[in-house]
Amino acid sequence: MSVPSRSHLILIPSYNTGLKVLETVREARRCWQPVWVVIDGSTDGSDQALQALAAADPGLRVFVLPRNQGKGAAVLHGLREPQRRAIPTY
């Protein structure tokens, strides 16, 4: 596992991508941390699988939007999360 970056992260927006998002996140985590995923109102259960994965992985954060708002909104949500949650930025 890599050393956590203090200045960059991987942000993955996802909408109903099923198992593919789990595969993508696992591969990203092998090479980078942190990895953040924004689930954009998915109805395929991928949010639950990712939240279970994140519960055991401090380098992974999952944010779930209540309804689909589009890729741009999902990306903006991920970019605004540090301010909303008082997550330190370096």
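All figures in this text were calculated on a predicted structure; none of them were measured in a lab.

1. Some words on the packing of aromatic side chains
Remark: the centre distance and the inter-plane angle together describe each pair of aromatic rings, the angle taken between the planes.
Part 1: The final tally for this structure, using the stated rule, is one aromatic pair.
Part 2: An angle of 70° between the planes, with centres 5.3 Å apart, marks the rings of Trp36 and Phe63 as edge-to-face. With a gap of 27 residues between them, Trp36 in strand β2 (residues 35-40) and Phe63 in strand β3 (residues 60-65) connect regions that are remote in the sequence.
Part 3: For Phe63, a relative accessible area of 4% puts it in the buried group.

2. Remarks on the side chain of Glu81
Part 1: Here Glu81 lies in helix α3 (residues 71-84).
Part 2: A polar contact is formed between the side chain of Glu81 and the side chain of His77, at a distance of 3.0 Å.

3. Focus on helix α1 (residues 19-31)
Every α-helical turn comprises 3.6 residues, leaving residues that sit three or four positions apart pointing alike.
Part 1: Its 13 residues give α1 an end-to-end C-alpha distance of 19 Å, which sits within 8% of 18 Å, the value for a rise of 1.5 Å per residue.
Part 2: For α1, every residue scored as buried is listed here: Val21, Leu22, Val25, Ala28 and Arg29. Relative to the axis of α1, the buried residues are bounded by an arc of 130° and lie together on one face. Exposed and oriented more than 90 degrees from the buried face of α1 are Leu19, Arg30 and Cys31.
Part 3: The inward-facing, buried residues of α1 abut β1 (10-14), β2, α2 (46-55) and β3.

4. Quick look at the nonpolar core
As a rule of thumb, nonpolar side chains are buried together in soluble globular proteins.
Part 1: Residues Ile12, Val21, Leu22, Val25, Ala28, Val35, Val37, Ile39, Leu50, Ala54, Leu60 and Val62 constitute the largest nonpolar core, which totals twelve residues.
Part 2: Looking at this core, the elements with two or more residues in it are α1, β2, α2 and β3.
Part 3: With four residues, α1 is the single largest residue contributor to this core.
Part 4: Setting aside residues no more than four positions away along its own chain, Leu60 makes contact with Val25, Arg29, Val35, Val37, Leu50, Leu53 and Ala54.
Part 5: Val38, Phe63, Leu65 and Ala74 belong to the second-largest nonpolar core, a separate cluster that totals five residues.

5. A look at the pattern of salt bridges
Part 1: In this structure the tally under the stated criterion is three salt bridges.
Part 2: Two residues, Arg30 and Glu27, come together in a salt bridge whose shortest N-O distance is 3.7 Å. Of this pair, Arg30 and Glu27 both sit in helix α1, three residues apart, roughly one helical turn.
Part 3: Under the relative-accessibility criterion, Arg30 is labelled exposed at 61%.
Part 4: For Asp57, the salt bridge is made with Arg29, and the minimal N-O distance between the two is 2.8 Å. Note that Asp57 is positioned in the loop between α2 and β3 and Arg29 in helix α1, a separation of 28 residues in sequence. With respect to burial, Asp57 and Arg29 carry one shared label: buried.

What counts, and where the lines are drawn
Residues numbered from 1 in each chain as written. Predicted model: local features only at pLDDT ≥ 70, side-chain atom pairs only at ≥ 80, totals over all residues. Heavy atoms only, no water. Phe/Tyr/Trp six-rings, centres within 6.5 Å; stacked < 30°, edge-to-face > 60°. Helix = DSSP H or I, 4+ residues; strand = E, 2+ residues; numbered from the N terminus. Buried < 20%, exposed > 50% of the residue type's maximum accessible area, 1.4 Å probe, protein only. Polar contact = N/O pair within 3.5 Å; in protein donor to acceptor, adjacent residues only side chain to side chain. Expected span 1.5 Å × (residues − 1). Arc of directions from axis to C-beta. Contact = heavy atoms within 4.5 Å. Core = buried A, V, L, I, M, F, W, Y, C linked by side-chain atoms within 4.5 Å. Salt bridge = Lys/Arg side-chain N within 4 Å of Asp/Glu carboxyl O.

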